[in-house]
Amino acid sequence: MAFSVTALLLVAFFIIGALRITNSGNDVDAAARAGARAAATARTAAEGETAARTVVSSALADRGVACAGGPQVAVSRSTAGLATVTVTCTVGLGDVSPAGFNATRPVTSTASERVDPLRGGQG
Amino acid sequence: MDTTVESDEAPVRDRGDTMLMTTILVAFLMVAAFALVSASQAWGARRDVQATAQAAARAAVQVTDAEVRGGGVTIDPALAAQRASDVATASGYVVSVTVTGTTATATVTAPVTYAFPTPGFADSMTATASADVQRGVFAGG
């Protein structure tokens, strides 16, 4: 009986942890895309970075994703006219660590969008 | 005198059955969990590819001054493909672009990597989006 309960609990922890990681990955993907669009439509690179950080934080908060220490956002604009946003979110897994997960796991996503030449052409 | 002693433990003869049932149940739950995680990853990949197709279509119709002639717009298919490719390859995806008038249609194909490969899930995803020079993305949203 003890073996059965332990095994089923470990399976439950595993399912919760795995789904938390994949769902957080999907949410971070969506946040990175939204951030890239915001960066691409800004008039300057500085405005784009500010807009991307705001949008990413808002997108993650709207989806209920809690990143340990807050999301890390990197924004860049290439000379080819691409705005690229990389979002890293550290997902807490301490409560399901008995299933073999580390206490935290970073989830990273990158998205690119072409800078709007009419609005963001000033580099 | 009644000497029967009640116990919470299963009779010895039933313990093997419980162990077997638990093993089968855990194996079934693990397979179900793998399928659930794969479905979640496939859904996320689908959304990602669709969003990349939209971004590529938007990029394809961001015409340069050279493509605006005599008050009209003529999308250069080669330039459109290059602009779309810049966006798609940044995500590691492959894109093909077709141009019809002032409309560009981008088709993006991307491989999907599963944490727990499960039979029945696609190895790649394809999505299509169309954008117009004046209206932006109007299909594939």
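Residues numbered from 1 in each chain as written. Chains lettered and ligands numbered in written order. Predicted model: local features only at pLDDT ≥ 70, side-chain atom pairs only at ≥ 80, totals over all residues.

Engineer: In this structure, what is going on with the overall build of chain A? I would like to understand it.
Structural biologist: Check the secondary structure of chain A and you find two helices and three strands. What you see in chain A, going N to C, is helices and strands ordered as α-α-β-β-β. Dimensions of chain A along its principal axes, counting C-alpha atoms only, are 70 × 20 × 20 Å. For chain A, the proportion of its 123 residues judged to be buried stands at 46%. Excluding contacts between residues fewer than 6 apart, the proportion of contacts in chain A whose partners are at least 24 apart in sequence is 64%. (Helix = DSSP H or I, 4+ residues; strand = E, 2+ residues; numbered from the N terminus. Buried ≥ 20, exposed ≤ 12 C-beta atoms within 10 Å, placed from the backbone. Contact = placed C-beta atoms within 7 Å.)

Engineer: Honestly, the overall build of chain B in this entry has me stumped. Any pointers?
Structural biologist: Looking only at helices and strands, one finds two helices and six strands in chain B. For chain B, the succession of helices and strands along the chain, N to C, is α-β-β-α-β-β-β-β. For chain B, buried positions account for 29% of its 141 residues.

Engineer: Got a minute to help me understand helix α2 (residues 77-90) of chain B in this structure?
Structural biologist: Quick reminder: α-helices carry 3.6 residues per turn. Residues three or four places apart thus point the same way. Residue and element names in this part refer to chain B. With 14 residues, α2 should reach 20 Å at 1.5 Å per residue; the first-to-last C-alpha distance of 20 Å fits that figure. Residues of α2 that are buried include every one of A80, R83, A84, V87, A88 and A90, and no others. Of the residues one or two after α2, G92 is the one with positive phi, at around 80 degrees. (Expected span 1.5 Å × (residues − 1).)

Engineer: Is there a simple way to think about the environment of B:L20 in this case?
Structural biologist: Mapped onto the fold, B:L20 is located in helix α1 (residues 12-60). Residue class for B:L20 comes out exposed when judged on the 10 C-beta atoms lying within 10 Å of it.

Engineer: In this structure, what is going on with the pairing of strand β1 (residues 72-77) of chain A? I would like to understand it.
Structural biologist: The two faces of the sheet receive side chains in turn, since in a regular strand these alternate between them. Residue and element names in this part refer to chain A. With six bridges joining them, β1 and strand β2 (residues 82-92) adopt antiparallel strand pairing. Bridge assignment links S76 to a residue of β2, and that residue is T84. Count of turn residues in the β1/β2 antiparallel hairpin: four residues, of which G81 carries a positive phi of about 90 degrees. (Pairing = 2+ DSSP bridges.)

Engineer: What am I meant to see in the packing of helix α1 (residues 2-41) of chain A against helix α2 (residues 45-62) of chain A here?
Structural biologist: Residue and element names in this part refer to chain A. As a packed pair, α1 and α2 sit with axes 8 Å apart at the nearest point and diverge in direction by 150 degrees. Viewed along their axes, α1 and α2 adopt a mutual orientation that is roughly antiparallel. Note on packing geometry: the crossing formed by α1 with α2 is right-handed. Judged by residue contacts, D27, A30, A31, A34, G35, A38 and A39 of α1 engage G48, E49, A51, A52, V55, V56, A59 and L60 from α2. Residue composition of the contact of α1 with α2, grouped by class: eleven nonpolar, two polar and two charged. (Axes fitted to C-alpha atoms, helices over the stretch in contact; angles between N-to-C directions. Parallel < 35°, antiparallel > 145°, perpendicular 65-115°, else oblique. Left-handed = near helix turned anticlockwise from the far one by under 90°. Nonpolar A, V, L, I, M, F, W, Y, C, P; charged D, E, K, R; others polar.)

Engineer: Please explain the interface of chain B and chain A as it appears in this structure.
Structural biologist: Interface size is commonly expressed as the accessible area that is lost once the parts come together. Listed per partner, the contact involves 23 residues of chain B and 23 residues of chain A. Sorting the residues of the side of chain B that touches chain A by element identifies α1 and α2 of chain B as the ones contributing at least two each. Of the residues forming the side of chain B that touches chain A, the biggest block, 17 residues, is contributed by α1(B). Class assignment for the residues of the side of chain B that touches chain A results in twelve nonpolar, seven polar and four charged.

Engineer: Any chance you could explain the pairing of strand β3 (residues 94-100) of chain B here in plain terms?
Structural biologist: All names here are of chain B. Bridging between β3 and strand β4 (residues 103-111) involves seven bridges; their strand directions are antiparallel. Following the sheet pairing, S96 is matched in β4 by T107. Hairpin geometry of β3 and β4 is characterised by an intervening segment of two residues between the two adjacent antiparallel strands and by a positive phi of about 65 degrees at G101.

Engineer: What's the story with the nonpolar core in this structure? I'm lost.
Structural biologist: Formed by 59 residues in total, the largest nonpolar core has its most connected members in A:V85, B:A56, B:A60 and B:A106. Sequence-distant contacts of B:A56, that is, excluding residues within four places in its chain, are made with B:A84, B:V87, B:A88, B:V95, B:A106 and B:V108. (Core = buried A, V, L, I, M, F, W, Y, C linked by C-beta atoms within 7 Å.)

Engineer: Sorry, what's going on with the sheet that holds β2(A) here?
Structural biologist: Picture the strands of a sheet paired through backbone hydrogen bonds; they go either parallel or antiparallel. Residues and elements named next belong to chain A. Spatially, β1-β2-β3 is the arrangement adopted by the three strands of the open sheet, whose pairing is antiparallel. Each edge of the sheet is formed by a strand with only one pairing partner; in this case those strands are β1 and β3 (104-114). Strand-to-strand twist of the sheet, defined as the mean angle between neighbouring strand axes without regard to direction, takes the value 15 degrees. By the bridge criterion, eleven bridges tie β2 to β3 in an arrangement that is antiparallel. In the strand pairing of β3, T88 is matched with T108. Each of β1, β2 and β3 touches α1; the most contacted strand, β3, lies at about 30 degrees to it.

Engineer: How should I be thinking about the environment of A:R33 in this particular structure?
Structural biologist: Turning to its location among the elements, A:R33 is positioned in helix α1. A tally of 27 C-beta atoms within 10 Å means that A:R33 is categorised as buried. A sequence separation of 14 residues divides A:R33 from A:L19, and the C-alpha atoms of the two residues are 21 Å apart. If sequence neighbours within four positions are ignored, A:R33 has contacts with A:A111 and B:A51.

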